[in-house]
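Chains, contacts and geometry: an overview
Below, each chain spelled out in residue letters.
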Amino acid sequence: MTGEADLRRRMARLSAEQKVRLLTGADFWALHPEPDVGLRRVVLSDGPAGVRGETWDERDTSANVPSPTALAATWDCERVEAIGRLLAHEARRKGVNVLLAPTVNLHRTPFGGRHFECFSEDPLLTARIGVAYVRGLQNSGVGATVKHFVGNDAETERMTVDVRIDERTLRELYLAPFEAIVREAGAWSVMASYNRVNGVTMTESPLLRDILHDEWGYDGLVMSDWTAARSTEPAARAALDLVMPGPASRFGPWGDALLEAVQAGRVDEALIDDKVLRILRLAARVGGLAEAQAPYEHPVPHEHPVPHERRSASLVPVDIPAELRATAAASFVLARNERSLLPLSRSGLGRIAVIGPNAEVARTLGGGSATVFPPYTVSPLEGLRDAGLDVAFAPGTLGHLRISAARAPWLLRPDGWGSGAEVRFFSPSGELAGSEQRDGAVFRWMNGFGSAGAPEEVARLEISCAIKATVAGVYQLGVSGLGQFRLLVDGAEAFDDTLSMRADADIAETLMAPPQRLVPVDLTAGQMVTVRVEHDVHSSPMAAFGTFLQLDLEVPHGTDDEEIAAAVEAAAGSEVAVVVVGTTAEVESEGFDRTSLALPGRQDELVRRVAAANPRTVVVVNSGAPVLLPWADDVAAVLLTWFGGQEFGHALADVLLGDAEPGGRLPTTWPVSQEGLPSTRPADGVLSYTEGLFIGYRGYDRDGREPLFPFGHGHGYTTWSYDGITVDCAPVNLADPSGAPGVAVCVEVRNTGRWPGREVVQLYASRPDSAVERPAKWLAGFAAVGADPGETVTVGILIPERVFRHWSGGGWILEAGTFTLSAGSSSASLPLTASVTLK
Ligand code: BGC
């Protein structure tokens, strides 16, 4: 029996009740099991930068890979496929079957809150990186969920906004990465987004059936984004298969209402059968269906669920730290390097001043559902110290906007031993019902308290710890959360308050950045105080979703003026100054967009003053997305490092010292200013993509504007000359990414510098005499090549024919005639041109 016949046979054994039950999740992170047909519990987990698993805290740690912007900046499909494999092994280690990633919405504008979580402004680069990511995951037996289908390119009013996109723009830009991934990598799951597109909410959109199913032949599953399903019958008639989260008694519009609609004949049972088949197919693909028949008999056996004690590091065949370190270095974009300040020569290198708010605290990921809890992180300061350098540190200024969670060395367990806190759970009758010893001060129970080892019926929480002062001064101590909180310091009540959120705040914003209540506590050096937080669980308006709170602490620090002065002094007294500026997971997050692209606080002033004190200043920009760098022309070197994952600091030391070449090229244009960028602000609930095809470099070209750093830009440590281009060449290293017919192009480059290096050869197409409105140029293909000093290499790039087609009148049209192909090292440096005539 074939796999498909086997799935149908199993489905036929299910009653209508059983079928409908499968169509809403069993809980926050899993599908309903159905032992009658051998269906196990299939577990889903966020997200793009690691595999969080079913708990949302430090107890179940996850390898934290560099942010998706960083992955795209490598322009290296093989490397990204390897990251996909690494994530698959993480997933298997943690008992996860389907990853809720990759996010392939486009960088329509840098204001987008989840910009860090998406790959690029260019649909072709997004598609190539996305295909590689999905192949890496799925070839290892773990499902990918390509999200968010479609038009979820910003966060403002994301639950309701009606995104208006003309058909050509939708096809050529926003649907293109989904199409490539579905067709080429055969994605097993797609997530329908919260927003509407052209008037219809995406979980009910005809795009699901008409395009995804019928045009692209998609046989995978469509799940709703969390709480995005809004109706019983329209959503059931659309090609939405799975409502998340569950259970149906708590979340979502299906469950009994859908069963009743099926029984009354208002929803055809054949539609339900198709959804159930897709669920069974997904389960079979990820090893969640007992004794599945070929082709679903997966080569990688899964054991579900994987109990904690049976999770084994031996499942991981890769050296995770080494791979994350190399990937981070390969993603760093050296945007400016005057007088070849970088790499720094180790020999005779004197003291380095390491400065900046992002130097000491490792900012390795963005906020929202992409959050994971790495087993450790390496900050820039630690990375440079580990490299054996003589380092003078000065924070310079504060970069964060909110007070962060209490941490070591100030946070101690109540008995004073070890860093962390104790949580005690109380039942509605006030009895102690359980407790947990925790290593940190961030607490999130998203799936009830049961999965955290505590009983489900919890009415009150108490969190106890001690805070020990390292220096004398005023400490700000408090909590973040929603609902009623009482804080006691050394047994005395500091406050008893109810914290509430703005009514229009998005759920993710509420979860990630809830209100804070702080009190000043004056401590002497070495003084220890006991702290207790009491929380009435049901006082939170979000209690149905989960309970989340954080114990906050800010330690005494100088004023910005004092800290900047100390940083300038450190810079002046050092041979080189490395200033690490950037954002945080609070600034770049799901649930809201940025309203300013400026670096938070007085970081611009810090950079200017340090650079004035030391001409050998390297600015490291640690952000997931573009920020404004008004001083860029006044500093010697600018290295853009994204959110670099847990090995960030080590990778930074490798690149600064020349042990690794900065391999990244910009996947997105970096703007000079905020002027002229597309907006994320809907007007009366409508967000119109009025710029049409002209996002990113396409928009700059059309308007004749100069960016700060162009798309595709980035220096390595060597130099290259572009010596020749041939169309329809005899293929050299030619890999066809899509299997479709195309045009073969060979580009000859020579390493003219003193270092071995890697160059990303980029090809752009244009059509100067077109009868159709088009961008001045668009990315047509790329390939990376390595060469030693003096060596000449030829790289072959196959351009799929689709690259030359445009969408018109309901089809992909080839405008016959001559296209220009330009090759070079960025969208703004294209020394070679050739032409190709297509009929
Ligand atoms: C996000 C998704 C995520 C889901 C589950 C939603 O708010 O938009 O990307 O996978 O939550 O955490």
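Above this text is the structure in question.
This section reports on the structure supplied with the text. (Residues numbered from 1 in each chain as written. Predicted model: local features only at pLDDT ≥ 70, side-chain atom pairs only at ≥ 80, totals over all residues. Heavy atoms only, no water.)

1. Here we look at the state of the cysteines
Short version of the rule: Working definition: a disulfide is two cysteine sulfur atoms within 2.5 Å of each other. Each helix is a run of DSSP H or I of at least 4 residues and each strand a run of E of at least 2, with the numbering of both proceeding from the N terminus. Exposure is judged per residue with a 1.4 Å probe applied to protein chains only, and the accessible area is read against the type maximum: over 50% gives exposed, under 20% gives buried, and values in between give partly exposed.
Scanning all chains against the criterion turns up 1 disulfide. Sulfur-sulfur distance for the disulfide between C729 and C746 comes to 2.2 Å. Classification of the bridge connecting C729 and C746 rests on its S-S torsion, roughly 70°, and on that basis the disulfide is right-handed. With C729 in the loop between β27 (720-727) and β28 (742-751) and C746 in strand β28, this residue pair connects regions lying 17 residues apart in the sequence. For C729, a relative accessible area of 11% puts it in the buried group. Residue classification places C746 among the buried residues on the basis of a relative accessible area of 4%. With no disulfide of its own, C77 lies 17 Å from the sulfur of C118, the closest cysteine sulfur. Residue C77 is classed as partly exposed on the basis of its relative accessible area of 24%.

2. A closer look at the environment of E54
Selection criterion: Contact definition: two residues touch when any of their heavy atoms are within 4.5 Å. Nitrogen and oxygen atoms within 3.5 Å of one another constitute a polar contact, given that in protein one can donate a hydrogen and the other can accept it, and given that sequence-neighbouring residues count only through two side-chain atoms.
Relative to the elements of secondary structure, E54 occurs in the loop between β1 (44-45) and α3 (68-73). When the C-alpha positions of E54 and E90 are compared, they lie 13 Å apart, and in sequence the two are 36 residues distant. Setting aside anything within four residues of it in sequence, one finds E54 in contact with W29, R41, V43 and N447. At a separation of 2.7 Å, a polar atom in the side chain of E54 contacts the side chain of R41.

3. Quick look at empty space enclosed by the protein
Here the idea is plain: a probe the size of a water molecule rolls over the atoms and shows the empty space left. Selection criterion: Cavity means a closed set of points on a 1 Å grid over the protein atoms alone, one where a 1.4 Å probe fits but cannot get out, pocket means an open set with protein on both sides within 12 Å along at least 5 of 7 lines, and lining means a residue has an atom within 4 Å of a point. Grid points are joined across faces, edges and corners, and a volume is the space filled by probe spheres set on the points.
This model, assessed by the stated rule, comprises 5 cavities of 30 Å³ or more. If you add up the space inside the largest cavity, you get close to 270 Å³. Looking at the largest cavity, it is lined by 23 residues, and the ones nearest its centre are Y194, D225, W226, S369 and E590. Counting only elements with at least two residues in the lining of the largest cavity, the list comes to β3 (143-149) and α15 (507-512). Per element, the largest residue contribution to the lining of the largest cavity is 4 residues, and it comes from α15.

4. Some remarks on the pairing of β3
Where we set the bar: With its strands directed away from the observer, a crossover is right-handed exactly when the path from the first strand over the helix to the second travels clockwise. Two strands are counted as paired when DSSP detects at least two bridges linking them.
Along β3, 7 of the 7 residues are buried, which leaves the element largely enclosed by surrounding structure. Between the parallel elements strand β2 (residues 98-99) and β3, the chain passes through helix α5 (residues 123-138) in a crossover that is right-handed. The pairing of β3 with strand β5 (residues 189-192) spans 3 bridges and is classified as parallel. Note on β5: the bridge partner recorded for V146 is V190.

5. Regarding the nonpolar core
Across soluble globular proteins, you tend to see nonpolar side chains buried next to one another. Stated precisely, the cut-off is as follows: Definition used in this section: a nonpolar core is a set of buried Ala, Val, Leu, Ile, Met, Phe, Trp, Tyr and Cys residues joined via side-chain atoms within 4.5 Å.
In this structure, F149, V150, W226, V747 and F804 are the most contacted members of the largest nonpolar core, which totals 159 residues. When residues of this core are assigned to their parent elements, the largest contribution, 9 residues, is made by α5. When near neighbours in sequence (up to four residues on either side) are disregarded, V150 contacts L170, Y174, L175, F178, S193, N195, V197, M202 and L207. Counting residues in each nonpolar core, the second largest holds 34 residues, with W410, A421, F425 and V489 among its members.

6. As for the site of the ligand
Rules: Think of it this way: one heavy atom of a residue within 4 Å of a molecule or strand is enough to make that residue near it. Ten residue types, Ala, Val, Leu, Ile, Met, Phe, Trp, Tyr, Cys and Pro, are classed as nonpolar, four, Asp, Glu, Lys and Arg, as charged, and the remainder, Gly among them, as polar.
Around the ligand, a shell composed of 13 residues is seen, among which D46, R114, H148, D225 and E590 lie nearest. D46 is positioned with one of its side-chain polar atoms (N or O) 2.5 Å from an oxygen atom of the ligand. In the model, an oxygen atom of the ligand is placed 3.3 Å from a nitrogen or oxygen of the R158 side chain. In terms of residue class, the shell around the ligand is built from 5 nonpolar, 2 polar and 6 charged.

Read these as spatial facts, not as claims about activity.
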